[in-house]
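Tertiary structure, described
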Amino acid sequence: MDDRLSRSERLIVVRLAAVFALRMLGLFLILPVFAEYARHLPGGGNEAAIGLAIGIYGLTQAVLLIPFGAASDRFGRKPVIVAGLALFVVGSLVAAFAPDLHWVTVGRALQGAGAISATVTALVADLTPETHRTRAMAMIGSTIGLSFALSLVLGPALYGLVGMRGIFLLTGVLAAGAAVMVWRSVPTPSRPAAPVAASRASLWAVLKDGRLLRLDVGVFSLHFIQMAMWVVVPGALVKHGALPLEDHWSVYLVAVLFSFTVMVPAIVFAERRGRLKTVYLASIALLAVVQLGFALWARDLWTIGLCLTAFFIAFNILEATQPSWVSRIASPQRKGAVLGVYNTLQSLGLFCGGWMGGLIAQHLSPQAIHWVAAGLALAWYALSLGLQPPARPQDSQSL
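Just so we're clear, the structure is a prediction, and the values are computed from it rather than from any experiment. Along each chain, the written sequence defines residue order, and numbers are assigned to residues from 1. Totals for whole chains, interfaces and linings use all residues, but because this is a predicted model, local features are given only for residues with pLDDT of at least 70 and pairs of side-chain atoms are given and counted only at 80 or more. Water and hydrogen atoms were dropped before computing side-chain values, which therefore reflect all heavy atoms in the structure.

**Concerning the overall build of the protein chain**
- Counting from the N terminus, the helices are the DSSP runs of H or I reaching at least four residues and the strands are the DSSP runs of E reaching at least two. The number of helices and strands found in the protein chain is 14 helices and 0 strands.
- Listed by position from the N terminus, the elements making up the protein chain come as α-α-α-α-α-α-α-α-α-α-α-α-α-α.
- Only protein chains enter the calculation, and the probe is 1.4 Å; a residue is then buried if its accessible area is under 20% of its type maximum, exposed if over 50%, and partly exposed in between. Among the 399 residues that make up the protein chain, the fraction classed as buried is 57%.
- Residue contacts follow a heavy-atom distance rule, with two residues in contact if any of their heavy atoms lie within 4.5 Å. Restricting the contact set of the protein chain to residue pairs at least 6 apart, pairs at least 24 apart contribute 86%.

In structure tokens, the structure reads:
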């Protein structure tokens, strides 16, 4: 069965992936510079407060993902997506003109309150047939890794050019443009094909599914580690790498480009040879090794760069494969519940990583963050050993 998207379907998915990517840029663009920038704001002397400002985006998003999905079932996907992007714009303006760290945190909370990730994913499901949905979901999922990689390269450069206020204003303008694009250029589905809102019975069934539960723990762990790391990585590049903040992009660019030369063949190998679980477990193991490397050896620019490159390889593989895996094993009747729970755990990982990373750095040490992250990755690896891989697309009748 041909799982290739038609030209019109591909255009729709690309546009919705762009919406997804723009919101992720709003989250990720500040990561490589915010921790150092915030230390110069009133209230910025507290590492825990900095971590909260970074991570609170994920908390408000997690709380509102399912309510936004329910609203999209009632009022339509596009109006809810536009409303969520409008909230993001308001949050960007608040953060841009914030006089202290407290108000930056309020702005970040408002940005996250536009919790449209699951609604965008559901609109993709509405507008693509079942036979093409895995490919479409993989395209959406891969935008997170791409946005993250792009943000780490662009963030320091933009910070040097326009400052933090300019970065917040830029993400607000991009979100406004995305709202116009959704309203004018994305078709309105005749009826929802995969509602995000779910009954209690469906949610309970999802929570009892061992495979989905392992993948939910995985997406939480991945984004916890990602956010916790960036509480301390910029400071490590400044302190141990003797690299000014505005020059960090050069390290990230080399690491990201090299990681993609490994990531793409790894994903192709996993799909074509039916070795998805092998590549998945290897990526989790690499994530644990990276954290141990940061904790034990990353004390100069070269070792930090090496650890970052290995991190991007593992992160991008996991970020691209997990959504596709989830979409393959979710039954059509419960796809909305599956997406709601998965995206909620992803957002909670973002919040907990930023918040707890700040607490750990404040009360223990920056290295302690990497020890905690390594332990979490090893626990995730152990839990995933019993995970059964999904049926290959050509063998699945549901695709």
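Past the structure itself, the notes keep going.
**Digging into the pattern of salt bridges**
- For this document, the term salt bridge refers to a Lys or Arg side-chain nitrogen within 4 Å of an Asp or Glu carboxyl oxygen. This structure, assessed with the given rule, holds 2 salt bridges.
- As a salt-bridge pair, Glu47 and Arg39 come within 2.8 Å of each other at their nearest N and O atoms.
- By relative accessible area, Arg39 is classed as partly exposed at 30%.
- Through salt bridges with shared partners, a single ionic network connects Glu36, Arg39 and Glu47.

**Looking at a nonpolar patch on the surface**
- Residues enter a patch when their relative accessible area is above 30% and they make no salt bridge; the linking distance is 9 Å between like charges and 5 Å between nonpolar side chains (Val, Leu, Ile, Met, Phe, Trp, Tyr). Per-residue and other accessible areas follow the Shrake-Rupley method at a 1.4 Å probe size, with only the shown protein chains counted as cover for residues. Side chains of Leu93, Phe97 and Leu169 sit close together on the surface and give an oily, nonpolar patch of about 270 Å² of accessible area.
- Looking at where Leu93 falls in the secondary structure, it is placed in helix 4 (residues 77-96).

**Structural notes on the packing of helix 4 against helix 6 (residues 117-127)**
- As a rule, the C-alpha atoms of each element are fitted with a line to give its axis, helices using only the stretch in contact, and angles between N-to-C directions run from 0 to 180 degrees. Packing of helix 4 against helix 6 brings their axes to within 10 Å, and their N-to-C directions diverge by 150°. Here helix 4 lies roughly antiparallel to helix 6, going by the angle between them. When you trace helix 4 past helix 6, the crossing you get is left-handed. Where helix 4 abuts helix 6, its residues Arg77, Lys78, Val80 and Ile81 lie against Thr119, Val120, Ala122, Leu123 and Asp126.
- Here the contact of helix 4 with helix 6 is composed, by residue class, of 5 nonpolar, 1 polar and 3 charged. Any angle that falls under 35 degrees is termed roughly parallel, while one over 145 is termed roughly antiparallel, one within 65 to 115 roughly perpendicular, and all others oblique. Throughout, a crossing is termed right-handed when the near helix is turned clockwise from the far one, and left-handed when it is turned anticlockwise from it by less than a right angle. Amino acids outside the nonpolar list (Ala, Val, Leu, Ile, Met, Phe, Trp, Tyr, Cys, Pro) and the charged list (Asp, Glu, Lys, Arg) are all regarded as polar, and Gly is one of them.

**Details of the environment of Asn343**
- Locating Asn343 in the fold gives a position in helix 13 (residues 335-363).
- By relative accessible area, Asn343 is classed as buried at 5%.
- Along the chain, Asn343 and Leu65 lie 278 residues apart, while their C-alpha atoms are 7.5 Å from each other.
- Filtering out sequence-adjacent residues up to four positions away, Asn343 remains in contact with Leu65, Ser117 and Ala118.

**Side note on the packing of aromatic side chains**
- Put simply, two rings from Phe, Tyr or Trp (the six-membered ring, in Trp's case) pair if the centres are within 6.5 Å, and we call them stacked under 30 degrees between planes, edge-to-face over 60, tilted for the rest. For the structure shown, the criterion picks out 10 aromatic pairs.
- Cluster of aromatic residues (ring-pair linked, three or more members): Trp230, Tyr252, Phe311, Phe312 and Phe315.

**Points about the confidence of the model for the protein chain**
- The share of residues in the protein chain with pLDDT of 70 or more is 87%, and the mean pLDDT across the chain is 83.
- A residue's pLDDT is the predictor's confidence in that residue, given on a scale from 0 to 100. At the level of individual helices and strands, the protein chain shows its lowest average pLDDT in helix 8 (residues 200-208), which scores 62, and its highest in helix 14 (residues 366-384), which scores 95.
- Here residues 395-399 is modelled with pLDDT under 50, and outside its nearest four sequence neighbours on either side it reaches 7 contacts, counting other chains as well.

**Quick notes on the packing of helix 3 (residues 47-75) against helix 6**
- Where helix 3 contacts helix 6, the two axes come as close as 7 Å, and the packing angle between them is 40°. For the element pair helix 3 / helix 6, the angle class is oblique. Across the interface between the two elements, Gln61, Leu65, Phe68, Gly69 and Ser72 of helix 3 pack against Ser117, Ala118 and Thr119 of helix 6.
- Here the contact of helix 3 with helix 6 is built from residues that sort into 3 nonpolar, 5 polar and no charged.

**Examining the side chain of His223**
- Checked against the element boundaries, His223 lands in helix 9 (residues 210-239).
- For His223, a relative accessible area of 1% corresponds to the buried category.
- Reaching out from His223, the side chain makes a polar contact with the backbone oxygen of Val219 at a distance of 3.0 Å.
- Not counting residues up to four positions away in its chain, the partners in contact with His223 are Ile144, Glu319, Gln346, Gly349 and Leu350. Identification of polar contacts relies on pairs of N or O atoms within 3.5 Å, with a donor-acceptor requirement for protein atoms, meaning one able to donate a hydrogen and the other able to accept it, and with residues adjacent in sequence counted only if both atoms are side-chain atoms.

**Let's talk about the environment of Val290**
- Inspection of the secondary structure assignment puts Val290 in helix 11 (residues 276-296).
- Classification of Val290 as buried rests on a relative accessible area of 3%.
- Each C-alpha atom of the pair Val290 and Leu308 lies 7.8 Å from the other, and the pair is 18 residues apart in sequence.
- Apart from residues lying up to four places away in sequence, Val290 is in contact with Cys307, Ala310 and Phe311.

**Some points on the side chain of Ser92**
- Turning to its location among the elements, Ser92 is positioned in helix 4.
- Relative accessible area serves as the criterion here: at 1%, Ser92 is assigned to the buried category.
- Contacts of Ser92, omitting those with residues within four sequence positions, involve Gln111, Phe168, Thr171 and Gly172.

**Points about the environment of Leu31**
- Tracing the sequence through the fold places Leu31 in helix 2 (residues 31-38).
- Looking at Leu31, the relative accessible area reads 1%, which means it is buried.
- Counting along the chain gives 125 residues from Leu31 to Pro156, while the straight-line C-alpha distance between them is 9.2 Å.
- Leave out the neighbours within four places in its chain, and Leu31 touches Ile54, Phe148, Met227, Trp230 and Pro234.

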